[in-house]
Amino acid sequence: MSHLSDTSSAALPDYRAQSPAVAARFAKIKERPVVLTIDKLTRTFPSADAAAGLVTALNQVSFDIHRREFVCVIGPSGCGKSTLIRMIAGLDEPTSGRMLVDGAETSGPCPQRGMVFQGYTLFPWLTVKKNVMFGLDMAGKSEAAAESEARQWIDLVGLSHVADAYPHQLSGGMKQRVAIARALAPNPRVLLMDEPFGALDAQTRAQMQSHLLEIWRNVDVTILFITHDLDEAILLADRIIVLKAHPGEIQEIIEVPVPRPRSLDQLQSPEFQATRRRLDELIHPKLHTPAERLPIVRLTQLGDDVE
Ligand SMILES: Nc1ncnc2c1ncn2[C@@H]1O[C@H](COP(=O)(O)OP(=O)(O)O)[C@@H](O)[C@H]1O
Ligand SMILES: [Mg+2]
């Protein structure tokens, strides 16, 4: 287990402290209309262990997201992140609770919400352009209108040069850029992203984070982004919703004090590090007493000299 030295962590500012510019940005965000309201959302599943009854994947989760806000949801594996975003996308039904888009209660999938998954979900038999046109065709646009709009979205994600290629001809990062263009093309109010860069290598992932921030600066869309990567959440988000598991509940909602525009250069800044330390405390709580440690079964015949 690694330990920050007390002196370095004591030198960090409080993660709740905001510079005047950051505080002004949050004040402006809160003045904008609420696009998405999640109201006491609960989802239970039958347990795999029949005797255990029901598993509460999410319990009474409530939050609001303002127009053009970028919100990340973070939490340990199994805390209900995918369950939450699938319900918001209309791919699953809550056991109880409500969701509102622009103040109107909604259920079921609809074009107001676009979704990007971790796995590549492009249609392999369609070109990049036809993949992006798909939702526009479904919305009843003429072929010419769909094609010209698709071209604009493909330009925006920087893929004009491969508009006629097929998904298997693209790298992982390019496929996710097509997936983002496809999700944005029908002009959703909210873009929902479930660990979209989780399968990419570190360098491509960093590039995709910058691309996404750039896309978001140019499009009037609100983003709800799920990740289990602490740095990714801090780099992208205005606010971070921290979930805990069993049952999935909100632990804390953090206003990220790192100024925009963001870049990887800020990783070492005091605000970034202070936020990271807080997320670490919430998500990786230290094992305090020996009784909380995992029982270790010794599988080696070597003596104690290995320690
Ligand atoms: N379709 C399902 N049937 C039964 N249990 C499920 C189902 N989907 C999720 N769960 C359970 O709900 C909890 C949260 O899962 P999930 O939302 O996938 O978490 P995360 O995405 O945060 O890793 C887990 O305990 C998981 O086993
Ligand atoms: Mg998940």
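Cut-offs used in this document
Residues numbered from 1 in each chain as written. Chains lettered and ligands numbered in written order. Predicted model: local features only at pLDDT ≥ 70, side-chain atom pairs only at ≥ 80, totals over all residues. Helix = DSSP H or I, 4+ residues; strand = E, 2+ residues; numbered from the N terminus. Rg over C-alpha atoms; globule rule 2.2 N^0.38 Å. Buried ≥ 20, exposed ≤ 12 C-beta atoms within 10 Å, placed from the backbone. Core = buried A, V, L, I, M, F, W, Y, C linked by C-beta atoms within 7 Å. Contact = placed C-beta atoms within 7 Å. Expected span 1.5 Å × (residues − 1). Near = placed C-beta within 6 Å. Nonpolar A, V, L, I, M, F, W, Y, C, P; charged D, E, K, R; others polar. pLDDT = per-residue confidence, 0-100. Pairing = 2+ DSSP bridges. Axes fitted to C-alpha atoms, helices over the stretch in contact; angles between N-to-C directions. Parallel < 35°, antiparallel > 145°, perpendicular 65-115°, else oblique. Left-handed = near helix turned anticlockwise from the far one by under 90°.

## Describing the overall build of the chain
So, step 1. Counting its secondary structure elements, the chain contains nine helices and ten strands.
So, step 2. A compact globule built from 307 residues would reach a C-alpha radius of gyration of about 19 Å, and the chain, at 21 Å, matches this within 12%.
So, step 3. Across the 307 residues in the chain, those meeting the buried criterion constitute 32%.

## Things to note about the nonpolar core
So, step 1. Of all hydrophobic cores here, the largest spans 68 residues; its most connected members are C72, V132, A181, L224, A237 and I240.
So, step 2. With six residues, the top contributor of residues to this core is helix α6 (residues 172–184).
So, step 3. Leaving out residues up to four positions away in the same chain, I240 has contacts with C72, I74, A233, I254 and V256.

## Examining α6
So, step 1. Between the first and last C-alpha of α6 there are 18 Å, a value that for 13 residues agrees with the 18 Å anticipated at 1.5 Å per step.
So, step 2. Buried residues dominate α6, accounting for ten of its 13 residues.
So, step 3. Along α6, the positions that sit buried rather than exposed are K175, Q176, R177, V178, A179, I180, A181, R182, A183 and L184.
So, step 4. Where α6 is buried, its residues contact β6 (113–116), α4 (128–138), α5 (143–156), β7 (190–194) and α7 (202–218).

## Thoughts on the site of ligand 1
So, step 1. Within the structure, ligand 1 sits among F45, V55, A57, G75, S77, G78, C79, G80, K81, S82 and T83.
So, step 2. Per element, the largest residue contribution to the shell around ligand 1 is three residues, and it comes from helix α3 (residues 81–89).
So, step 3. Residues belonging to the shell around ligand 1 are distributed by class as follows: four nonpolar, six polar and one charged.

## Description of the confidence of the model for the chain
So, step 1. In this model, the chain carries a mean pLDDT of 91, and residues with pLDDT of at least 70 account for 91%.
So, step 2. In the predicted structure, residues 1–7 sits below a pLDDT of 50 and forms one contact with residues beyond four places in sequence or in another chain.

## Examining the sheet that holds strand β1 (residues 34–46)
So, step 1. The antiparallel open sheet is built from four strands, whose spatial order is β2-β1-β4-β5. In the strand order of this sheet, the two ends are held by β2 (54–66) and β5 (104–105), each with one partner.
So, step 2. As paired strands, β1 and β2 are joined by nine bridges and run antiparallel to one another. Pairing of V34 across the sheet is with H66, part of β2.

## A look at the packing of α6 against α7
So, step 1. α7 packs onto α6 with a crossing angle of 20° between their chain directions and a minimal axis gap of 10 Å. Considering the angle they form, α6 stands roughly parallel to α7. Between α6 and α7 the crossing geometry is right-handed. Residues G172, G173, Q176, R177 and I180 of α6 lie in contact with α7, whose contacting residues are T204, Q207, M208, H211 and I215.
So, step 2. Taken together, the residues that form the contact of α6 with α7 break down as three nonpolar, six polar and one charged.

## Overview of the sheet that holds β6
So, step 1. Strands sit in the order β6-β7-β8-β3-β9-β10 across an open sheet of six strands; the sheet is mixed. What marks the edges here is a single partner per strand, and that holds for β6 and β10 (249–255). Taken over all neighbouring pairs, the strand axes of this sheet differ in orientation by 20° on average, direction set aside.
So, step 2. Alignment of β6 against β7, held across four bridges, turns out to be parallel.

## Some words on the environment of A17
So, step 1. Structurally, the position occupied by A17 is in the loop between α1 (6–10) and α2 (20–31).
So, step 2. Its 13 C-beta neighbours within 10 Å are what place A17 among the partly exposed residues.
So, step 3. Separated by 240 residues in the primary sequence, A17 and P257 have C-alpha atoms spaced 6.9 Å apart.

## Things to note about the environment of W153
So, step 1. Assignment of secondary structure puts W153 in helix α5.
So, step 2. Judged by the 24 C-beta atoms lying within 10 Å of it, W153 is buried.
So, step 3. Along the primary structure W153 and P76 are separated by 77 residues, whereas in three dimensions their C-alpha atoms are 34 Å apart.
So, step 4. Apart from residues no more than four positions distant in its own chain, W153 is found in contact with V132, A181, L184 and A185.

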